[in-house]
Amino acid sequence: MTRLLHVAGSDDPAIFEAASLLRAGRLVAFPTETVYGLGADGLNPEAVAGIYAAKGRPATNPVILHVADVAAARALVSHWPEAATDLAARFWPGPLTLVLPASAAVPAIVRAGGPSVALRCPAHPVALALIRAAGRPLAAPSANRSQHLSPTLAQHVASSLGEAVDLILDGGPTEAGLESTILDLTGERSRILRPGPIGPAELAALVGPVDRWEGAVHAGEVQAAPGMAERHYAPRARLDLVAPGTGLPEASGAVAYVGLGKLPALPAGIRGILLPLDADAVGTRLYALLHELDDAGFDRIVMERPPEDDAWLAVRDRLRRASAKERP
Ligand code: AMP
Ligand code: MG
């Protein structure tokens, strides 16, 4: 069994034990305010290689480095633009990842061989204390097998990664429930590579017009932007999105129907689940719900498509990827 230690606060002795494992090149999963991360010493290429092996992550998909403050971030880039100063002042610690030109300090494996590095200062007290105690940036992608659902509970990490992780710090359920917003600052204009808890309007208010990456990359194709494979964040059950209020005329097998704001009448035998028409609340709950439905053995999940406005951007993105069918 993987070791799992409960952490009560930022001075819990478990954090110091975890930090010494990280300094020794081992893997530790820990809570952040978005999802659980699979951490390794971000300056140790062998340790980072352990993350790729544990997740089954393609070498073309770079990892985010987690830092405790702006000074640590600046040491990892060759250029720190003014926009980064403004964004970090407003959103760090918090669920915003900045992509910047990497300095020579960043190992190639962290960058997937590219010229840039992704940096984030997480807001969870346990994550911050762990980074400080380790005394170095931590590479920490979501602590799940590649393409699977991200973990919002320590138990999700244990069941996805098992023995591959040396220690799991259990800090309870994560707050945001969806991965950080990723903003690329290396081009002429800033560009959102992954929508997340911080929306385009909040970013644009600080840095002016923000482009959005809307494309999709399919399995086996070269990725236009790293980590942008279409099928991702997927439950085991088949997930289909439908117009709100559609309901289900009939269904065979174990089927769950997820309504937003209200539930239509459903035939007997179909499990109806009601989520509020509130993007943040759905973001917090989404992965945990999909994990629960997988664990309960549902074959098919039918979920109502969220509204088209920007508040739902991150939830729509994850649902689109979670419901993408593998191409032959
Ligand atoms: P996760 O594995 O859930 O932490 O996701 C990390 C995301 O950050 C992936 O989508 C990566 O492609 C993205 N990422 C990490 N480093 C970079 C980078 N240098 N440039 C662009 N995206 C990056
Ligand atoms: Mg992930």
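What counts and how
Residues numbered from 1 in each chain as written. Chains lettered and ligands numbered in written order. Predicted model: local features only at pLDDT ≥ 70, side-chain atom pairs only at ≥ 80, totals over all residues. Heavy atoms only, no water. Helix = DSSP H or I, 4+ residues; strand = E, 2+ residues; numbered from the N terminus. Rg over C-alpha atoms; globule rule 2.2 N^0.38 Å. Buried < 20%, exposed > 50% of the residue type's maximum accessible area, 1.4 Å probe, protein only. Areas by Shrake-Rupley, 256 points an atom, 1.4 Å probe, with all protein chains shown as cover. Contact = heavy atoms within 4.5 Å. Phe/Tyr/Trp six-rings, centres within 6.5 Å; stacked < 30°, edge-to-face > 60°. Lys NZ or Arg CZ within 6 Å of the ring centre and 35° of its normal. Core = buried A, V, L, I, M, F, W, Y, C linked by side-chain atoms within 4.5 Å. Pairing = 2+ DSSP bridges. Arc of directions from axis to C-beta.

Within the protein chain, the secondary structure is distributed over 10 helices and 15 strands. Relative to the globule expectation of 20 Å for 328 residues, the C-alpha radius of gyration of the protein chain, 20 Å, shows essentially globular dimensions. In terms of its C-alpha atoms, the protein chain occupies a principal-axis envelope of roughly 60 × 50 × 40 Å. In the protein chain, which comprises 328 residues, the share counted as buried stands at 55%. Here the protein chain has roughly 13,700 Å² of accessible surface; of this, 54% comes from carbon and sulfur atoms.

This part covers the environment of Ile-51. Tracing the backbone through its elements, the reader meets Ile-51 in helix H2 (residues 45-55). Residue classification places Ile-51 among the buried positions, given a relative accessible area of 0%. The spacing of Ile-51 and Ala-201 is 150 residues in sequence and 34 Å in space, taken between C-alpha atoms. Every residue in contact with Ile-51, bar those within four places of it in the chain, is listed here: Leu-27, Leu-38, Gly-39, Ala-40, Ala-139 and Pro-141.

What follows covers the packing of aromatic side chains. Enumeration according to the criterion identifies two aromatic pairs in this entry. Judged by centre distance (6.2 Å) and plane angle (25°), the rings of Tyr-233 and Tyr-287 are stacked. Residue Tyr-233 is located in the loop between strand S11 (210-212) and strand S12 (238-242), and its partner Tyr-287 is located in helix H9 (residues 279-295); the two are separated by 54 residues in the primary sequence. Above the face of the Tyr-233 ring, Arg-318 is positioned so that its terminal group lies 5.3 Å from the ring centre.

This part is about the nonpolar core. Core analysis: the biggest nonpolar cluster contains 66 residues, and Trp-92 and Leu-169 have the highest contact counts within it. When residues of this core are assigned to their parent elements, the largest contribution, eight residues, is made by helix H6 (residues 125-134). Setting aside residues up to four positions removed in sequence, Leu-169 forms contacts with Leu-5, Val-7, Ala-14, Ala-18, Val-28, Ala-29, Phe-30, Pro-31, Tyr-36, Val-126 and Leu-130. Ranked by size, the runner-up nonpolar core spans 26 residues in total, among them Val-258, Leu-260, Leu-275 and Leu-290.

On to the sheet that holds strand S3 (residues 37-41), then. Read from one edge of the open sheet, 11 strands run S1-S8-S2-S3-S7-S4-S6-S5-S9-S10-S11, paired in mixed fashion. The outermost strands of the open sheet, each flanked by one partner alone, are strand S1 (3-6) and S11. As judged from the four bridges shared by strand S5 (residues 96-101) and strand S6 (residues 116-120), these two strands associate in the antiparallel manner. For Pro-101, the partnering residue across the bridge sits in S6 and is Ser-116.

Okay, helix H7 (residues 154-161) next. The set of residues buried in H7 consists of Ala-154, His-156, Val-157 and Leu-161. Looking down the long axis of H7, one finds its buried residues gathered within 155° of arc, a one-sided arrangement. In this fold, the buried residues of H7 make contact with S1, strand S2 (28-30), S3, H2, strand S8 (167-170) and H9. The first or second residue beyond H7 is Gly-162, which carries a positive phi of 50°.

This part covers the environment of His-156. Position of His-156 relative to the elements: it lies in helix H7. The class of His-156 is buried, set by a relative accessible area of 8%. Note: C-alpha distance between His-156 and Arg-300 (144 residues apart in sequence) is 20 Å. In this structure, His-156 is in contact with Pro-151, Ala-288 and His-291, ignoring residues within four places of it in sequence.

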